[in-house]
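Descriptive structure summary
Here are the chains, one letter per residue:
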Amino acid sequence: MSQRNSRFLCLPLDIQHLILSNLSPKDVLLCSLICKALESATKERSVWIAQCRGHITSKGHPFPTYASLDAMSTSELERHAVNCFRVAQKWVCFAHGRSEKFPDGDFVTCETATLKEVYEGVPIYATHYLSIHGRLLLLILYKAIWSVLDLWDVADPANPTKICEWTTKGSIIKALVVNKDQSSEATIALGVYTEAKEHVVQLLTVTSSLCLEIHLSIPSIFVPLTLKGDLVALCQGTQSRTMIWNWKSSRYALLDEELPEEGAISTRSEDASEDTLGVRPPYPLEVTFAQGGVLIGRTKSFTLHRTPELLHSSFEEAETAPTGYLAKHTFGYLDSICTTAHDADTPPCYRILTRGYTDDPWRERDEHSLHVYRLDFNPDFLEHPSTTVPYLFPPVHEARIPTRRGKLNCRKVFLSKKGVALWVQPKKWEGPYPGYAPVPLINVASSDPDEPGRISWVPMRDWEREKEYVRAAILPGSVYRLADDGSKGTALLGEGTDGEVNLRPVLLKTNRCLEAEWTSMDWDEETGRIVLGYEDGRVMLIEM
């Protein structure tokens, strides 16, 4: 197309850029394919900055935060704008009921890639996404005779590249957490049992050459549960104590979840099951460093502590002066919990996603739910921080998400700042002989119609077998439910008892490998990437 025959190309450049800025990122890419003149116009930096601001950040949709828009190159702006817009539109389509595939087909339409490592048959223990120096990396933990860490470059999911491998001969990694603060020198925290039969906590850093190196190591039987900036939360088994450690200043404080402060609040959910025999151990699940306090989730309790002063120079000294809790709530016995600050609230209001565990023999096997709670910020805390609690207890129940019970190796649940819940739904119980279906046999030799018949077990075909699923639910207050005209999408929402909201989950991915279950999962909301580790050593990368 010549400029002489195109009214658009005859317009001044600033008008062309203004028009292109008001198109969607997908339409701008289509325009670049028409002719060289339009291709040149679409490569202008101002066009893609306007795309990022107008279609993504101004609407509150996820966008990479490793650098400001002004610090990103034009190619980075183009790549992030196209990718983030595509992912956000998929969630928006679900929230507004404009998708053709929900809820029965796989929502993920982009291609997936599978990593087949040399450690074939060795289970994947953990998978974590890392954003280092503007690059998306994947950390994989294998556990065999000893533990091995692999670091992969997965910027191009169709062509992942292994960067490095890190291990200490004879050592077993008991716990692994990653630092979401990209400016921190400590990227990974490990709880390690060494070949010399010593328990240590190690902090690893990713160097500029993308190699893993030990930054700091201290002896401790505690294991890391959370790493945020310079702070590490350390826990030990079923003990009700959590150590807060500033690794830069080498200062400590101890939080005790069984020690109430004066005037402490204690609440309980109405449907929380009692553990009358006390046989369920209170394992730690997560620690959240919140504004004005520390939130600690365990299998039996959820406690709020005031942000402690790190006054002690050693573990032993901190253990002599523990700090108690301000408030405690019991949801019942949990096998997973995720606490996330709601992105739209200032000061932050937290959402809590819980998955309970029950061994009630009278409950239906498929009757199981995830629950969403809201933990509101206490406005009085800003004026009287020393005499009031930073958050209001008990947490308010917001929504219920149906799922089901079953054997589950990947227990982790996710709740994003933008209001999306993500989890693995286990297989339905297949009876005493997995892969076989019972078929009744008629006893033709007997004349007694009340005589019980025999049962034969027949092999099931693959499509008949029960499978694992990755499912998601969009919360009522999610940014994806807000339309440009101010209306709210109500698709996949329903009313339950007592006015509560029932969220209808959507299907993201099906585990079609019947012989290997998922053992780990991670989700990077900014890029729309999901990673799943298998018990046979394979890793699946999913791009939404």
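Attention here is on the structure that accompanies the text. (Residues numbered from 1 in each chain as written. Predicted model: local features only at pLDDT ≥ 70, side-chain atom pairs only at ≥ 80, totals over all residues. Heavy atoms only, no water.)

1. Quick word on the sheet that holds strand β14 (residues 284–290)
Short version of the rule: Pairing between strands is defined by DSSP: at least two bridges between the two strands are required. Strands here mean DSSP runs of E at least two residues long; helices mean DSSP runs of H or I at least four residues long; both are numbered from the N terminus. The convention used is that axes are lines fitted to C-alpha atoms, helices contributing only their stretch in contact, and that angles between N-to-C directions extend from 0 to 180 degrees.
Pairing within the open sheet is mixed, and its eight strands lie in the order β10-β11-β12-β13-β17-β16-β15-β14. Of all the strands in the sheet, the pair left with one neighbour each is β10 (223–228) and β14. Pairwise comparison of adjacent strand axes, ignoring direction, gives a mean angle of 30° for this sheet. Pairing analysis gives six bridges linking β14 to strand β15 (residues 293–298), with the strands arranged antiparallel. Following the sheet pairing, Phe-289 is matched in β15 by Val-294.

2. A short note on the environment of Asp-524
Short version of the rule: We call two residues in contact whenever any of their non-hydrogen atoms come within 4.5 Å of each other.
Of note, Asp-524 is situated in strand β30 (residues 518–524). On a C-alpha basis, the gap between Asp-524 and Pro-62 in space is 9.9 Å, while along the polypeptide they are 462 residues apart. Residues within four places of Asp-524 in sequence aside, it is in contact with Tyr-129, Leu-136 and Arg-529.

3. Structural notes on the sheet that holds strand β22 (residues 414–415)
Reading across from one edge, β22-β23-β26-β29 is the order of the four strands in this open sheet, with antiparallel pairing throughout. Where the open sheet ends on each side, the last strands, each with one partner, are β22 and β29 (506–510). Strand direction decides the pairing type here: strand β23 (residues 420–425) and strand β26 (residues 469–474), joined by six bridges, are antiparallel. What sits directly across from Val-420, in β26, is Ile-474.

4. Re the packing of aromatic side chains
For clarity, the cut-off: To pair, rings of Phe, Tyr and Trp, with the six-membered ring standing in for Trp, must have centres within 6.5 Å; the planes then decide the type, stacked if under 30 degrees apart, edge-to-face if over 60, and tilted in the middle. Working definition: with a 1.4 Å probe on protein chains only, accessible area under 20% of the residue-type maximum means buried, over 50% means exposed, and in between means partly exposed. Only when the NZ of Lys or the CZ of Arg is both within 6 Å of the ring centre and within 35 degrees of the ring normal is a charge said to sit over the ring.
Summed over the entire model, instances satisfying the criterion amount to 12 aromatic pairs. Aromatic pair Trp-91 and Tyr-480: ring centres 6.3 Å apart, planes at 35°, arrangement tilted. Note that Trp-91 is positioned in helix α5 (residues 74–95) and Tyr-480 in the loop between β26 and β27 (493–495), a separation of 389 residues in sequence. One exposure class covers both Trp-91 and Tyr-480, and it is buried. A connected cluster of aromatic rings, assembled from ring pairs, spans Phe-222, Trp-245, Tyr-252 and Phe-315. When the ring centre of Tyr-469 is taken as origin, the NZ or CZ atom of Arg-471, which lies over that ring, is 5.1 Å away. Over the ring of Tyr-534 we find Arg-538, and its NZ or CZ is 4.2 Å from the ring centre.

5. A word on the packing of helix α4 (residues 45–55) against α5
Selection criterion: These descriptions rest on fixed angle ranges, namely under 35 degrees for roughly parallel, over 145 for roughly antiparallel, 65 to 115 for roughly perpendicular, and the rest for oblique. Definitions for this section: a left-handed crossing has its near helix turned counterclockwise from the far helix by less than a right angle. A right-handed crossing has that turn clockwise.
With their axes 9 Å apart at the nearest point, α4 and α5 run at an angle of 30° to one another. On the basis of their axis angle, the class for α4 and α5 is roughly parallel. Handedness of the α4/α5 crossing: left-handed. Note on element contacts: α5 touches α4 through Thr-74, Leu-77, Glu-78, Ala-81, Val-82 and Phe-85, opposite Arg-45, Trp-48, Ile-49, Gln-51, Cys-52 and His-55.

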